[in-house]
Amino acid sequence: MFVPGESFLSAALDHEPDLITQAMDARVLIATPTTLFALCKAVAYGWRAEEQSRNAEHVAKLGKELYKRLSVMGGHAAAVGRALDTAVGKYNQFVGSLESQVMVSAKRFEDLHVDHEGKDLPELPPVEGSPRSLSRPELIAGPTDGDVAAE
């Protein structure tokens, strides 16, 4: 119930001191221009808090989904790292075999003075580096059966 002036409510309270309590019991809020402004601010604050709460639920759900997807992606990254490490190892085995088996035989052509048209056999150095390993536990864990669909 809106009372257009503070003095009107003050005069009513002088005659009936329990007026506000009786109004509250009847679920009536007596508002003056001053209290109406404060009441509107409180309602706006409540709506904002409710919206933030609703958004917090969405953010939590989104965070869980993102974490799950990062875990799957981390498993893929770890697999790529292992594959690169394997590829480097296989390349180095190839270079070792080439140097110890094939190049030895190819050098014999030079000893026999075979015309190789000025083309030299290239040197193939081994690859010394290896991919950096993942260290975060949540990225090392591989995808589970349920995560495959999320990829």
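What counts, and where the lines are drawn
- Residues numbered from 1 in each chain as written.
- Predicted model: local features only at pLDDT ≥ 70, side-chain atom pairs only at ≥ 80, totals over all residues.
- Heavy atoms only, no water.
- Helix = DSSP H or I, 4+ residues; strand = E, 2+ residues; numbered from the N terminus.
- Buried < 20%, exposed > 50% of the residue type's maximum accessible area, 1.4 Å probe, protein only.
- Contact = heavy atoms within 4.5 Å.
- Areas by Shrake-Rupley, 256 points an atom, 1.4 Å probe, with all protein chains shown as cover.
- Phe/Tyr/Trp six-rings, centres within 6.5 Å; stacked < 30°, edge-to-face > 60°.
- pLDDT = per-residue confidence, 0-100.
- Salt bridge = Lys/Arg side-chain N within 4 Å of Asp/Glu carboxyl O.
- Expected span 1.5 Å × (residues − 1).
- Bend = angle between axes of the 7 residues up to and from the residue.

Caption draft 1: Quick look at the overall build of the protein chain. In terms of helices and strands, the protein chain carries four helices and zero strands. Ordered by position from N to C terminus, the α and β elements of the protein chain give α-α-α-α. Counting all 151 residues of the protein chain, 13% fall into the buried class. Sequence separation of 24 or more characterises 77% of the internal contacts of the protein chain that already satisfy a separation of 6 or more. Split by element, the accessible area of the protein chain, about 12200 Å² in all, is 61% carbon and sulfur.

Caption draft 2: Looking closely at the side chain of T32. Within the secondary structure, T32 sits in the loop between helix 2 (19-25) and helix 3 (33-111). Sequence-distant contacts of T32, that is, excluding residues within four places in its chain, are made with F2, V3, G5, E6 and L9.

Caption draft 3: Broad picture of the environment of V28. Tracing the sequence through the fold places V28 in the loop between helix 2 and helix 3. Residues contacting V28, with those up to four places away along its chain left out, are M1 and A23.

Caption draft 4: How the structure looks around the packing of aromatic side chains. Taken as a whole and assessed by the stated rule, the structure comprises one aromatic pair. Centroid distance Y91 to F94: 6.4 Å. Interplanar angle 40°. Geometry classified as tilted. On the criterion of helical spacing, the pair formed by Y91 and F94 is a turn pair, its members being three residues apart in helix 3. For Y91, a relative accessible area of 31% translates into the label partly exposed. According to the relative accessible area criterion, F94 is partly exposed, its value standing at 46%.

Caption draft 5: Molecular detail of the environment of L134. Within the secondary structure layout, L134 lies in the loop between helix 3 and helix 4 (137-140). When the C-alpha positions of L134 and S105 are compared, they lie 42 Å apart, and in sequence the two are 29 residues distant.

Caption draft 6: How the structure looks around the confidence of the model for the protein chain. Per-residue confidence for the protein chain gives a mean pLDDT of 83, with 91% of residues at or over 70. Here helix 4 stands out as the least confident element of the protein chain, with mean pLDDT 69; helix 2 is the most confident, with 91. Here residues 145-151 scores under 50 on pLDDT; set against residues more than four positions off or in separate chains, the count is five contacts.

Caption draft 7: Molecular detail of the pattern of salt bridges. In this structure the tally under the stated criterion is three salt bridges. Here R54 and E50 are joined by a salt bridge, their closest N and O atoms 3.5 Å apart. In this pair, R54 and E50 both sit in helix 3, four residues apart, roughly one turn of the helix. The class of R54 is partly exposed, set by a relative accessible area of 42%. Its relative accessible area of 47% is what places E50 among the partly exposed residues. Sharing partners across several salt bridges, the network here consists of E65, K68 and R69.

Caption draft 8: Structural context of helix 3. Taking 1.5 Å as the rise per residue, helix 3 with 79 residues should run 117 Å; its terminal C-alpha atoms sit 109 Å apart, in good agreement. A maximum bend of about 45° is found in helix 3 at M103.

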